[in-house]
Amino acid sequence: MIALGHLINFLKGMAVGVATLVPGVSGGTMSIILGIYDGLIHAVSTFFKDFKKNFVYLFVIALGGGLGILIFSRILESALTAYPHIMRYLFMGVITGGLPVLFRKARVSGQGNMGDSLYLVLGAAIVLLMTSKPEAVVNLATSEGISGMIFLFIAGVILAIALVLPGISGSFMLLVLGLYNLFLNAINTLNVAFLIPLALGTVAGTYGSAKIIEGLLKKHPRQTYMFIIGLVVGSIWEVFPGIPSKAQVLPSIVVFIVGFAALYWIGKKGYTN
């Protein structure tokens, strides 16, 4: 039974890993759907209280997630290279498809007021500021030496927060930071110099933010979800590739609808469960 439980968690980890690769698809939401979100948050926030149990639980899921990312990253990178414009519309569809369930969560989390809108504006403003100089971000991420490592570590911390929060996609955050294509390439080419500081930042950020985010969602759920919605809304501008050419109009519309419908269904399922 123990071995079977580990296998099931490994497969669930793979599903979360694949979901994490797609900008707009939240690994946290997928974890909720698969019934492992609460267990993950608890294992991280109480990691040293029951080290062996928490380590095994997290290791099995992380191993599955890592394998899922490794297998599907090449497929996504090839699709982005061959169809960059159309893939961006797919990403816009999945990002937009996650908004209804976030608004529902914010609505049921308490009585709203005009002040809550400030959290939405703040979230959107942060994303727009983060994306204002994409060339500088890429230069920092690819630079050699301590400055590049520090930047990637900080990016890992930001990525960790996105991974912990339900409703925010880790790969969406990489896309916002201008690191998504670099990340896919680093995985496919096993660029250790890029991946190690990013991974260390992610581990540190996950441990450091789990309790904080868990507390915010319990004590201030509406404001937290409004802030999340602001992040998501602000990301749409960054992902938007412009008006498609005549030959790409129909496929762009189709993939947008497919992406929206898929994320809406996943989010609704996670919300009702």
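For the structure itself, consult the block above.
This one's a predicted model, so the numbers in the text were calculated from it and none came from an experiment.

Asker: What's the story with the overall build of the protein in this structure? I'm lost.
Answerer: Secondary structure summary: the protein contains 14 helices and zero strands in total. The N-to-C order of helical and strand elements in the protein reads α-α-α-α-α-α-α-α-α-α-α-α-α-α. Across the protein, contacts joining residues at least 24 apart in sequence account for 82% of those joining residues at least 6 apart. For the protein, the exposed surface amounts to about 13900 Å²; the carbon and sulfur share of it is 73%.

Asker: Even after reading the chapter, I still don't get the nonpolar core, so can you show me in this structure?
Answerer: The nonpolar side chains of a soluble globular protein tend to be buried with one another. Membership of the largest hydrophobic core comes to 49 residues, with the highest contact counts inside it found for Leu76, Phe91, Leu102, Tyr180 and Phe183. Sort the elements by how many residues they give to this core and helix 5 (residues 84-97) lands first, with seven residues. Among the nonpolar cores identified, the runner-up in size contains eleven residues, and Val16, Phe47, Leu58 and Ile61 belong to it.

Asker: Can you walk me through the packing of helix 4 (residues 51-82) against helix 5 in this structure?
Answerer: Helix packing geometry: the angle between the two helix axes and the distance between the axes. Helix 5 packs onto helix 4 with a crossing angle of 120° between their chain directions and a minimal axis gap of 5 Å. By the angle between their directions, the pair helix 4 and helix 5 is classed as oblique. Every residue of helix 5 that contacts helix 4 at Leu76, Ala79, Leu80, Thr81 and Ala82 is listed here: Pro84, Met87 and Phe91. Among the residues forming the contact of helix 4 with helix 5, the class breakdown is seven nonpolar, one polar and no charged.

Asker: Just to check I follow, could you spell out the environment of Thr206 for this structure?
Answerer: Among the secondary structure elements, Thr206 is positioned in helix 12 (residues 192-219). Sequence separation of Thr206 and Ile158 is 48 residues, and the distance between their C-alpha atoms is 9.2 Å. The contacts of Thr206, once residues within four sequence positions are left out, are Val44, Ala160 and Val164.

Asker: Whenever I open this one, the side chain of Asn188 confuses me. Can you help?
Answerer: For Asn188, the position within the fold is in helix 11 (residues 180-188). For Asn188, a relative accessible area of 14% translates into the label buried. A polar atom in the side chain of Asn188 sits 2.8 Å from the side chain of Ser73. Sequence-distant contacts of Asn188, that is, excluding residues within four places in its chain, are made with Ser73, Arg74 and Glu77.

Asker: Even after reading the chapter, I still don't get the packing of aromatic side chains, so can you show me in this structure?
Answerer: The description of an aromatic ring pair uses the distance of the two centres, along with the angle that the planes make with each other. The final tally for this structure, using the stated rule, is six aromatic pairs. Geometrically, the ring pair formed by Phe48 and Phe51 is stacked, given 6.5 Å between the ring centres and 15° between the ring planes. Ring geometry for Phe91 against Tyr180: centres 6.0 Å apart, planes inclined by 85°, an arrangement best described as edge-to-face. In this pair, Phe91 sits in helix 5 while Tyr180 sits in helix 11, placing the two residues 89 residues apart along the sequence. Counting every residue linked through ring pairs, the aromatic cluster contains Phe47, Phe48, Phe51, Phe55 and Phe59.

Asker: Explanation requested: the side chain of Asn9 in the structure shown.
Answerer: Relative to the helices and strands, Asn9 is located in helix 1 (residues 2-21). Look past the residues within four positions of Asn9 in its chain and what remains in contact with it is Ile36, Tyr57, Val60 and Ile61.

Asker: Can you help me understand helix 5 in this one?
Answerer: For an α-helix, the turn length of 3.6 residues means that residues three or four places apart are oriented alike. Taking 1.5 Å per residue as the helical rise, helix 5 with its 14 residues ought to reach 20 Å, and the 20 Å between its terminal C-alpha atoms agrees with that figure. Among the 14 residues that make up helix 5, ten are buried, leaving the element largely enclosed by the rest of the structure. Three or more residues of helix 5 are buried, namely His85, Ile86, Met87, Tyr89, Phe91, Met92, Gly93, Val94, Ile95 and Gly97.

Quick notes on the rules
Residues numbered from 1 in each chain as written. Predicted model: local features only at pLDDT ≥ 70, side-chain atom pairs only at ≥ 80, totals over all residues. Heavy atoms only, no water. Helix = DSSP H or I, 4+ residues; strand = E, 2+ residues; numbered from the N terminus. Contact = heavy atoms within 4.5 Å. Areas by Shrake-Rupley, 256 points an atom, 1.4 Å probe, with all protein chains shown as cover. Core = buried A, V, L, I, M, F, W, Y, C linked by side-chain atoms within 4.5 Å. Buried < 20%, exposed > 50% of the residue type's maximum accessible area, 1.4 Å probe, protein only. Axes fitted to C-alpha atoms, helices over the stretch in contact; angles between N-to-C directions. Parallel < 35°, antiparallel > 145°, perpendicular 65-115°, else oblique. Nonpolar A, V, L, I, M, F, W, Y, C, P; charged D, E, K, R; others polar. Polar contact = N/O pair within 3.5 Å; in protein donor to acceptor, adjacent residues only side chain to side chain. Phe/Tyr/Trp six-rings, centres within 6.5 Å; stacked < 30°, edge-to-face > 60°. Expected span 1.5 Å × (residues − 1).

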